[in-house]
Amino acid sequence: MSALKRGVFWVTDIENAELIIAAAECDTNGRFITPPASEMLANSGCEFNHKRVWKAHGRRESYNFYPRGRVQIRRGKAVIYCNPALCSERIISRVTAAFGLCAGNGISSVRVFADGSEHYKYFVNF
């Protein structure tokens, strides 16, 4: 079983559910156990920032080239925010496993929020 984490992710291949993730271990209230590098966090220092993570990993494409999402955890409940194109059972299952979102890690529920707003808009066409 993977440790409980929160952070951000991209899906570079929807058909094969290939992920790029940036995450850090946290407790069931979402508090970081192992703090991530500050260059990957928003100015508040509390959340991963997609643009900063992408830049820190030295990727050539724009941070919004691939569809992306975020995992947040509060009071033992996880929420996966993502572009609607990522709401397949296969992709959500991969995200759930990668972030350790299970009862064994103290998670009582996982909710998926398909966010079709400009915030999760992407450019690649699959």
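Details of the structure are given in the entry above.
Now for a quick tour of the structure. (Residues numbered from 1 in each chain as written. Predicted model: local features only at pLDDT ≥ 70, side-chain atom pairs only at ≥ 80, totals over all residues. Heavy atoms only, no water.)

The next subject is the packing of aromatic side chains. How two aromatic rings sit relative to each other is given by the distance of their centres and the angle of their planes. For the structure on display, the rule yields six aromatic pairs. Plain terms: the ring middles of Phe9 and Phe99 are 6.2 Å apart, the flat faces sit at 65 degrees to each other, and that makes the pair edge-to-face. Linking Phe9 in strand β1 (residues 5-13) with Phe99 in the loop between α2 (89-98) and β5 (109-114), this pair joins segments that are 90 residues apart in sequence. An identical accessibility class is assigned to Phe9 and Phe99; each is buried. Ring geometry for Phe65 and Tyr66: centres 4.9 Å apart, planes at 85 degrees, overall edge-to-face. Under the relative-accessibility criterion, Tyr66 is labelled buried at 12%. An aromatic cluster of at least three residues, connected via ring pairs, comprises Trp10, Trp54, Phe65 and Tyr66. A cation over a ring is seen here: Arg6 above Phe32, with NZ or CZ 3.9 Å from the ring centre. (Phe/Tyr/Trp six-rings, centres within 6.5 Å; stacked < 30°, edge-to-face > 60°. Helix = DSSP H or I, 4+ residues; strand = E, 2+ residues; numbered from the N terminus. Buried < 20%, exposed > 50% of the residue type's maximum accessible area, 1.4 Å probe, protein only. Lys NZ or Arg CZ within 6 Å of the ring centre and 35° of its normal.)

Let us look at the side chain of Asn83. Here Asn83 lies in the loop between β4 (77-82) and α2. You can call Asn83 buried: its relative accessible area is 10%. At 2.9 Å, the side chain of Asn83 and the backbone oxygen of Tyr120 are in polar contact. Dropping the residues within four chain positions of it, Asn83 is found in contact with Pro67, Arg68, Asp115, Tyr120, Lys121 and Tyr122. (Polar contact = N/O pair within 3.5 Å; in protein donor to acceptor, adjacent residues only side chain to side chain. Contact = heavy atoms within 4.5 Å.)

Moving on, we come to unusual backbone geometry. Glycine aside, negative phi is the norm for most residues, and most peptide bonds take the trans geometry. Even without being a glycine, Ala17 presents a positive backbone phi close to 50 degrees. Considering the arrangement of structural elements, one finds Ala17 in the loop between β1 and β2 (18-25). Of note, the phi angle at Arg75 is positive, near 45 degrees, even though the residue is not glycine. For Arg75, a relative accessible area of 70% gives the class exposed.

Let us look at the pattern of salt bridges. Considering all chains together, one arrives at four salt bridges under this definition. With a closest N to O distance of 3.2 Å, Glu47 and Arg6 form a salt bridge. Here Arg6 lies in strand β1 and Glu47 lies in the loop between β2 and α1 (50-56), a separation of 41 residues in the sequence. The buried category is assigned to Arg6, whose relative accessible area is 8%. Linking Glu61 and Arg59 is a salt bridge whose minimum nitrogen-to-oxygen distance equals 3.5 Å. (Salt bridge = Lys/Arg side-chain N within 4 Å of Asp/Glu carboxyl O.)

With respect to the helices, strands and loops of the structure, Tyr66 is situated in the loop between α1 and β3 (68-74). Here the side chain of Tyr66 touches Glu61 through a polar contact of 3.4 Å, side chain to side chain.

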